[in-house]
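An overview of the molecular structure
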Number of protein chains: 2
Amino acid sequence: MTRGLTGARGLTGGGRTPTIREVAEAAGVSRATVSRAFTRPDLLRPETVERVREVAARLGYTPNVVARALSTGRYATIALVVPDIANPFFPPLMRGAQQAADAAGYSVVLGDSDESPAREDVLLTKFAHQVEGVVLASTRMPSARVREHATRRPLVLVNRDIPGVPRVLIDSASGMAQAVEHLADLGHRRLAYVSGPASSWSNQQRRRAVRRVAAARGLEVATVQASRPTYAAGIECTSALLAARVTAVVAFDDAVAQGILAGLSAAGVAVPDDVSVVGCDDVVADTTTPPLTAVSAPTRMAGQLAVEVLLRILGDDDVADTRHVLDSELIVRATTGPAPRTRRRRGTTADRYTDGRRRSLGS
Amino acid sequence: MTRGLTGARGLTGGGRTPTIREVAEAAGVSRATVSRAFTRPDLLRPETVERVREVAARLGYTPNVVARALSTGRYATIALVVPDIANPFFPPLMRGAQQAADAAGYSVVLGDSDESPAREDVLLTKFAHQVEGVVLASTRMPSARVREHATRRPLVLVNRDIPGVPRVLIDSASGMAQAVEHLADLGHRRLAYVSGPASSWSNQQRRRAVRRVAAARGLEVATVQASRPTYAAGIECTSALLAARVTAVVAFDDAVAQGILAGLSAAGVAVPDDVSVVGCDDVVADTTTPPLTAVSAPTRMAGQLAVEVLLRILGDDDVADTRHVLDSELIVRATTGPAPRTRRRRGTTADRYTDGRRRSLGS
DNA sequence: TTGTACGCGTTATCAA
DNA sequence: TTGATAACGCGTACAA
């Protein structure tokens, strides 16, 4: 066979990483001793450890993790699979995960499924051989398939609630409930929920929370479906919102809320004087104009916690079926205010900009 | 020795991935034949390939990439090291890199150096054994150290110009030049450049471009240093900008520009009527209020190109010292407008909000 | 306390 | 066209 990468440049060539054998020869010991100097120094005489390490350092030796993985099955690597790296919800999560892994000496291989369940499936089977476990965020796969993958490798879910599979959940419902209470307190009687992807666990959770609290407080809720959870889609659904004649809008996430802010601004509707707007996730919320009232989700913590749970599973064997729930909370900024007291004519300012369509109430 | 992960659950246990040997036995062929059925099917009789693949599929066999890596030295993995995942500049870059790698069957391990050169160094040595090559973005390491790492593993830089090391550069200078021309055409005579990290290659490049074109067009340039390239720092330096009595501001990046927008808004200064603002990178620019005029950097393309260059190096041997430059361009939106024609009194509106300090011109 | 020798799962060489 | 077998670099029973 041709030599592997490390050997490809000849024994004396520059830039090559030496192997355990070369260190052994240089130090005048066996390969096993070199190995132990790094993994089980307690089994060796202190002088030996020191001598071996010194030689290793001089030669620039570092243990080959791949060879070690093949031998031990410990890859010191986990996979992190997300639907879309560029979605601002995920970078903080990735960072939390990355740092937790790093702190434990683990590497992170990254998978971007491009929002496709089929791609998730491909990535997961691909990673099965090179990682010890996987953190799967906001998966769109069917529960059965997720369970299958979970039997092949330790797997921790983020924002997907499948009994039997360890999971870390961000309870945006708690924050959403606060948001609706907040709006009710401000005198709003009629609000809209702008819905995200139908298959999204988070969306279902948020929609339900809004409906529940609204019902409890006697508010009417119109549901408007955003085509995608994006800024552009937020702008698009503005006219539908105006047609729905609401005084407050709770959006699926910040991007949509931000789009709605832009759409309202373009339509000459004042925020929060005419309409109040609430976002969710709080990833960009404090950099909008005006600063967005939003439900703050501890995404970074979720990433960190997911990795910690995974590493715990990798350590012990039975931390099975853990379910961690992280609370969210409403951060009140400048896009929510008292409901407009009076309507000057039969129609509000908003009427001038509606497209005439009306959305049904309640769904 | 203890069995590895794949063997840990016994030969018949569920969830285990079968090895090449089991497929060979089940198909009644040798391990070599199974291997060839996947890597060199042209060497086998079609019927054999088909039979082996069928058995493999039935057993759920997939080649173990780690074992393959140990044998061939081809890891089918590259590393991507960035200073900060959560910095909005990087996710698009990461995504481009990820997808290019994915298209070639490569995995990406992710490193976040937390803006620390020392961490970069640690990550790079750690990854040396598990990847074929690395893409290093916006590194803060000294050139000599980067060169050293580049001799150990194929390495492609993004946004760092070190001769001898393959690199992909985003020429923000071209866009910055356009920005200054644009402002000059609008009648501005006095502008500020809000500077980013002093050690940043991009910052040096941008500052120079602004100065050069400003000089050519006879504009005065005040330089204001932002403490960090963040939204908060942008807000902070607003007072200094007002004190500098400029009618236009060119910011190091979008985050700073966005902070400046907020700061100006809070100070009652109208954009673009009183002051024009230009951002750079264009990562959030079209979601600000008003939409930010910005220099658009093809970050996603940079990530993609960097990986393509790396893979090319991994393929052939001598693509050495390539230097790809990607142009940027100015996207004019709503934060730039004609310079205010007249000053109504001795002072502009802005004077009411300055802190009295003045910044020196030219630096 | 240290060395010997085998196995991890795969690919490549050589022979058949 | 296929099979037997030696690597790849490391960890670890077992023996010394």
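What counts, and at which threshold
Residues numbered from 1 in each chain as written. Chains lettered and ligands numbered in written order. Predicted model: local features only at pLDDT ≥ 70, side-chain atom pairs only at ≥ 80, totals over all residues. Heavy atoms only, no water. Least-squares fit on C-alpha atoms with pLDDT ≥ 70 in both. Contact = heavy atoms within 4.5 Å. Pairing = 2+ DSSP bridges. Helix = DSSP H or I, 4+ residues; strand = E, 2+ residues; numbered from the N terminus. Axes fitted to C-alpha atoms, helices over the stretch in contact; angles between N-to-C directions. Salt bridge = Lys/Arg side-chain N within 4 Å of Asp/Glu carboxyl O. Buried < 20%, exposed > 50% of the residue type's maximum accessible area, 1.4 Å probe, protein only. Near = heavy atom within 4 Å. Polar contact = N/O pair within 3.5 Å; in protein donor to acceptor, adjacent residues only side chain to side chain. Nonpolar A, V, L, I, M, F, W, Y, C, P; charged D, E, K, R; others polar.

An unreviewed UniProt entry annotates chain A as LacI family transcriptional regulator originating from Thermasporomyces composti.

Once chain B is rotated about the relating axis by 180 degrees and shifted along it by 0.1 Å, it coincides with chain A to within an RMSD of 0.3 Å. Here the two chains are linked by the operation of a two-fold rotation axis. When C-alpha distances to the rotation axis are compared across chain B, the minimum falls at V109 of chain B, with a value of 2.0 Å. Most of the interface of chain B is mirrored in chain A, where 100% of its interface residues again form contacts.

Hydrogen bonds between backbone groups are what pair the strands of a sheet, and the pairing can be parallel or antiparallel. Residue and element names in this part refer to chain B. Here 6 strands make up an open sheet; going across it, the order is 7-6-8-9-10-12 and the pairing mixed. Each end of this open sheet is capped by a strand with a single partner; those strands are strand 7 (220-225) and strand 12 (329-331). The average angle at which neighbouring strand axes cross in this sheet is 20 degrees, direction not considered. Pairing of strand 6 (residues 190-195) with strand 7 involves 6 bridges; the strand directions are parallel. Bridge pairing links A192 to A222 in strand 7. Contacting strand 6, strand 8 (248-251), strand 9 (276-281), strand 10 (293-296) and strand 12, helix 8 (residues 172-185) runs over the sheet at an angle of about 50 degrees to strand 12. Here helix 9 (residues 201-217) sits on the sheet in contact with strand 6, strand 7, strand 8 and strand 9, set at roughly 170 degrees to strand 6.

All right, on to the pattern of salt bridges then. When charged atoms on two side chains of opposite charge get close, those side chains can pair. Scanning the entire structure with this criterion turns up 38 salt bridges over all chains. Where D121 of chain B meets R145 of chain B, a salt bridge forms, and the shortest distance between an N and an O atom there is 2.6 Å. Taken together, the residues span a long stretch of sequence, with D121 of chain B in helix 6 (residues 117-127) and R145 of chain B in helix 7 (residues 143-152) at a distance of 24 residues. D121 of chain B gets classed as buried once you look at its relative accessible area, which sits at 18%. A salt bridge links D281 of chain B to R206 of chain B; its shortest N-O distance comes to 3.1 Å. You can see D281 of chain B sitting in strand 9 and its partner R206 of chain B sitting in helix 9, a full 75 residues away along the chain. Connected via shared salt-bridge partners are D84, D112 and D114 of chain A together with R95 of chain B.

Another point: the protein's contact with DNA strand C. Around DNA strand C, the structure places 29 residues, and the nearest of them are T33, R36 and T48 of chain A together with I20 and S35 of chain B. Protein-adjacent atoms of DNA strand C, using a 4 Å cutoff, are sugar or phosphate at a proportion of 71%. Here a base nitrogen of DNA strand C sits 2.6 Å away from a polar atom, N or O, in the side chain of R36 of chain A. Counting only elements with at least two residues in the surface near DNA strand C, the list comes to helix 2 (31-39) and helix 4 (65-72) of chain A together with helix 2 (31-39) and helix 4 (65-72) of chain B. Looking at side-chain class alone, the surface near DNA strand C contains 11 nonpolar, 13 polar and 5 charged residues.

With that out of the way, let us pick up unusual backbone geometry. All names here are of chain A. For the bond running from V271 to P272, omega is 5 degrees, close enough to zero to count as cis. Summarising the element assignment, P272 is placed in the loop between helix 12 (254-266) and strand 9 (276-281). Despite not being glycine, N159 has its phi angle at roughly 55 degrees, a positive value. With respect to the secondary-structure elements, N159 resides in the loop between strand 4 (155-158) and strand 5 (167-171).

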